[in-house]
Amino acid sequence: MKNIRNFCIIAHIDHGKSTLADRLLEYTNTVTQRELQSQTLDDMDLEKERGITIKSHAIQMDYEYKGEKFILNLIDTPGHVDFSYEVSRSIAACEGALLIVDAAQSIQAQTISNLYLALENDLTIIPILNKIDLPSANPEEVTDEIMNLIGCEYEDVLRVSGKTGEGVHHLLEQIVERIPAPVGDPNAPLQALIFDSVYNPFRGIEAYFKVVNGSISKNEKIKFFATGKEYGADEVGTLKLKQVPKKTVECGDVGYLVSGIKDAREVKVGDTITSFEKPAAGPIEGFEEVKPMVFAGIYPIDSEDFEELRFSLEKLRLNDASLVFEPESSAALGFGFRCGFLGMLHMEIVQERLDREFNMNVITTVPNVSYFGYSKKEPEVPILINNPSEMMDPSIMDRVEEPFIKASIITKSDFVGSVMTLCIEKRGEIVNQSYLTSERVELIFNMPLAEVVFDFYDRLKSISKGYASFDYHPIGFRASKLVKMDILINGDMVDALSSLIHDSNAYHIGKKMCEKLRELIPRQQFDIAVQAALGTKVIARETIKALRKDVTAKCYGGDISRKRKLLEKQKEGKKKMKQIGRVEVPQSAFMAVLKLND
Ligand SMILES: Nc1nc2c(ncn2[C@@H]2O[C@H](COP(=O)(O)OP(=O)(O)OP(=O)(O)O)[C@@H](O)[C@H]2O)c(=O)[nH]1
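Everything in this summary refers to the structure shown in the same document. The structure presented is a predicted model; accordingly, all values stated were derived computationally and were not measured. (Residues numbered from 1 in each chain as written. Predicted model: local features only at pLDDT ≥ 70, side-chain atom pairs only at ≥ 80, totals over all residues. Heavy atoms only, no water.)

**What about the overall build of the protein?**
1) Next: Along its length, the protein carries 14 helices and 33 strands.
2) Next: Relative to the 2.2 N^0.38 estimate, which gives 25 Å for 598 residues, the radius of gyration of the protein is 27 Å and therefore close to what a compact globule would have.
3) Next: Across its three principal directions, the C-alpha atoms of the protein cover 85 × 70 × 60 Å.
4) Next: Taking all 598 residues of the protein together, 55% fall into the buried category.
5) Next: Counting contacts in the protein only where the partners sit at least 6 residues apart, residues at least 24 apart contribute 69% of the total.
6) Next: For the protein, the accessible area works out to roughly 27200 Å², and carbon and sulfur atoms hold 50% of it.
7) Next: When the 73 positive and 89 negative side-chain charges of the protein are each reduced to one mean point, those points stand 7 Å apart. (Helix = DSSP H or I, 4+ residues; strand = E, 2+ residues; numbered from the N terminus. Rg over C-alpha atoms; globule rule 2.2 N^0.38 Å. Buried < 20%, exposed > 50% of the residue type's maximum accessible area, 1.4 Å probe, protein only. Contact = heavy atoms within 4.5 Å. Areas by Shrake-Rupley, 256 points an atom, 1.4 Å probe, with all protein chains shown as cover. Lys, Arg positive; Asp, Glu negative; His and termini not counted. Charge placed at Lys NZ, Arg CZ, Asp CG, Glu CD.)

Structure representation (structure tokens):
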């Protein structure tokens, strides 16, 4: 055990985590140059396209230092706030963290939030200035910032280039020198922390774990604490580029388990594996059920596809335990599902996978957060509301609570004014403002999560010309003055377009919403009224003027094939339309709220 080093890499997006990880694998001969495709650790197709690590993995390297053999386990962490619980469990499995800071970009919001997670878990931090080969690198100033942030000495900050490999040999030595070996009792009952799981279509769910105490052996009977389920350990082993089956994974080491589990929900990140015969007294601390933060309705365009959509979602859930869904019906859209996601990125991934892997043609409604409604009746019982159209009647309601977050934004001092204006418009309250250097400021706000879901990132990016980074974590529910706004199209209420908005914004948002829908709903052969209403009170109205659209009008004469082509094209366009009363409404209209400021 004294020759094991478990560590992770924490960094802001694009600061070079994957590139540096590749170099570590290359310099320890874990992979050859040829095996190193562009980026070894990101192996899902989707991940490659987005260039971000969606699911954490682990990889083991053999390294010889001063004539002694060491095992280095690199545990990869996802780089997006949607997956912050997974990050926290990966960090909990390590004794050390490489804190990577881009020498040109300096410290960003995610650097700081992940650093705090690492410090909470008592990890040894190795600060690294990365991308020192860049002409725009600013090593002295950024080193100063790092020293201020973590209170270390100038010499402690390593200088590395993941691209050229400069400094990487020294980094490997420092991993062995500075990061402590795991502590644990090899003779105690088994406690292994699950920090990730992946789905394998042939072998079922594979759990990735770190053995905190005891050891885990092939064919041993094991038990999971959180779910209480028992299994046989069909196969255990360590993780090189491929899995390496072993008889036993020893105390302190990182490994994988295959036990024929078919459903991802049975292997929960943060749960503890113990021995069935000789169970540990309790689980490792820190387990939490992950809760979805964002909800949206997913409806088949063709209502006959409802069962197929259910089947596809069930299939997706087998390898994505954080996806939740239940059937719901909408007067406007028919039968579909209310789905819960960890965040907006997670929602996009699910949408994309439904489309790519299952060829499902679906309409997704405007995402919303979940609320707690309290009725005036005693005793007070909170009612969970995951869909604005389920909001209780204002006459019986005492109050609504919505989730709040603590948001950290790092930007240049020039943009402080506009960032503040944006955050205050988004109902944020400033909590703190501190200067990292004379040029760069960290702003902390308490804000409603709902406001971040709607076009916050994009606006932050544009007002700061890209010089702002953003991260957040939830801080609980708070009461807000929220009202339910309904949208009527030709007098028909479209429940899928209802939203909960703050009282003070209602008129403004109602007006914008109607204007946006007027743009998005194609003109049809009759006038269409679009109205926004609070209860029975209409607060805004727009009219979409009638138009007679004959796509073939242009094709005079007898060019039948061209005519057919145009009609085909029109049909294609209709695929993404939903009939509301007499009006055809495109998918984009259901997401109109997200684009009010375009
Ligand atoms: N010049 C230079 N570029 C680098 C270096 N390391 C990484 N890059 C580039 O920086 C970009 C981001 O690198 P990645 O390794 O994908 O960054 P990452 O932190 O893993 O990104 P996420 O997975 O999105 O968090 C890529 O275009 C790399 O080629 C370096 O040392 N020098």
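Now, onward.
**Quick notes on a negative patch on the surface**
1) Next: A cluster of acidic side chains, namely Glu141, Asp144, Asp414 and Glu439, defines a negative patch on the protein surface.
2) Next: Mapped onto the elements, Glu141 comes out in helix H5 (residues 139-150). (Patch = residues over 30% accessible without salt bridge, like charges linked within 9 Å, V, L, I, M, F, W, Y side chains within 5 Å. Salt bridge = Lys/Arg side-chain N within 4 Å of Asp/Glu carboxyl O.)

**Re unusual backbone geometry**
1) Next: With an omega dihedral of -10°, the bond running from Glu378 to Pro379 counts as a cis peptide bond.
2) Next: Positioned with a positive phi, Arg427 is a non-glycine residue whose angle comes to about 65°.
3) Next: Secondary-structure assignment places Arg427 in the loop between helix H9 (416-425) and strand S24 (429-435).

**Points about the sheet that holds strand S20 (residues 362-364)**
The pairing of strands in a sheet comes from backbone hydrogen bonds and takes either a parallel or an antiparallel form.
1) Next: Strand order in the open sheet made by the four strands is S18-S19-S17-S20, with antiparallel pairing throughout. Looking along the sheet, the strands with just one partner apiece sit at the ends: strand S18 (324-330) and S20. This sheet shows a mean twist of 30° between the axes of neighbouring strands, independent of strand direction.
2) Next: Pairing geometry for S18 and strand S19 (residues 334-341), over seven bridges, is antiparallel. Bridged to Glu326 within S19 is Arg338.
3) Next: Against the sheet, helix H7 (residues 306-319) contacts strand S17 (294-300), S18, S19 and S20, and its axis sits at roughly 15° relative to S19. (Pairing = 2+ DSSP bridges. Axes fitted to C-alpha atoms, helices over the stretch in contact; angles between N-to-C directions.)

**A closer look at the sheet that holds strand S15 (residues 254-258)**
1) Next: Within the open sheet, the eight strands sit side by side as S11-S10-S16-S7-S8-S15-S12-S13. Their pairing is antiparallel. If you trace the sheet from one side to the other, it starts and ends with strand S11 (230-232) and strand S13 (243-246), each paired once. With strand direction ignored, the average angle separating the axes of adjacent strands in the sheet is 40°.
2) Next: As paired strands, strand S10 (residues 221-224) and S11 are joined by three bridges and run antiparallel to one another. Paired with Ile222 across the strands is Tyr231, a residue of S11.

Taken by themselves, the reported measurements are silent on function.
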